[in-house]
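# Structural features, examined
Residue-level listing of the chains:
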Amino acid sequence: MENDQGVLVDLYVPRKCAATSRLITSKDHASVQINIVDVDSDGRALPTSTTFALCGQVRAMGEGDDSINRLATKAGLLRNVWSYQK
């Protein structure tokens, strides 16, 4: 919620899981948020980053690494790492 000046005044802003689009509640203590920083050609960190939030259910199923690989490939951060198999 925002006040009249446009400042965010909520104490808690819920997040969504990047892999499943589920709402990450305040009681989900197994959830993680990973920030991947962009770097320049010299390897120095830039002020921009890509953020992925994973809920505890994805991590409990052991799908966290596969989800990060899939999301990073879709975001253009990885190449030829994740492939869909039937």
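Residues numbered from 1 in each chain as written. Predicted model: local features only at pLDDT ≥ 70, side-chain atom pairs only at ≥ 80, totals over all residues. Heavy atoms only, no water.

Note that strand E3 (residues 32-39) and strand E4 (residues 45-54) share seven bridges and pair antiparallel. Within the sheet, the bridge partner assigned to Ile34 lies in E4 and is Phe52. (Pairing = 2+ DSSP bridges. Helix = DSSP H or I, 4+ residues; strand = E, 2+ residues; numbered from the N terminus.)

Let us look at unusual backbone geometry. With a phi close to 65 degrees, Ser21 is a non-glycine residue in the positive phi region. Of note, Ser21 is situated in the loop between strand E1 (15-16) and strand E2 (23-24).

Right, let's talk about a nonpolar patch on the surface for a bit. A cluster of nonpolar side chains, namely Met1, Val7 and Val9, defines an oily patch on the protein surface of about 290 Å² accessible area. In this fold, Met1 is placed in the segment before E1. (Patch = residues over 30% accessible without salt bridge, like charges linked within 9 Å, V, L, I, M, F, W, Y side chains within 5 Å. Areas by Shrake-Rupley, 256 points an atom, 1.4 Å probe, with all protein chains shown as cover. Salt bridge = Lys/Arg side-chain N within 4 Å of Asp/Glu carboxyl O.)

Our focus in this paragraph is the confidence of the model for the protein. When the pLDDT values of the protein are averaged, the result is 89; 94% of them are 70 or greater. Confidence, read as mean pLDDT per element, is least for helix H2 (residues 64-74) in the protein (91) and greatest for E4 (95). (pLDDT = per-residue confidence, 0-100.)

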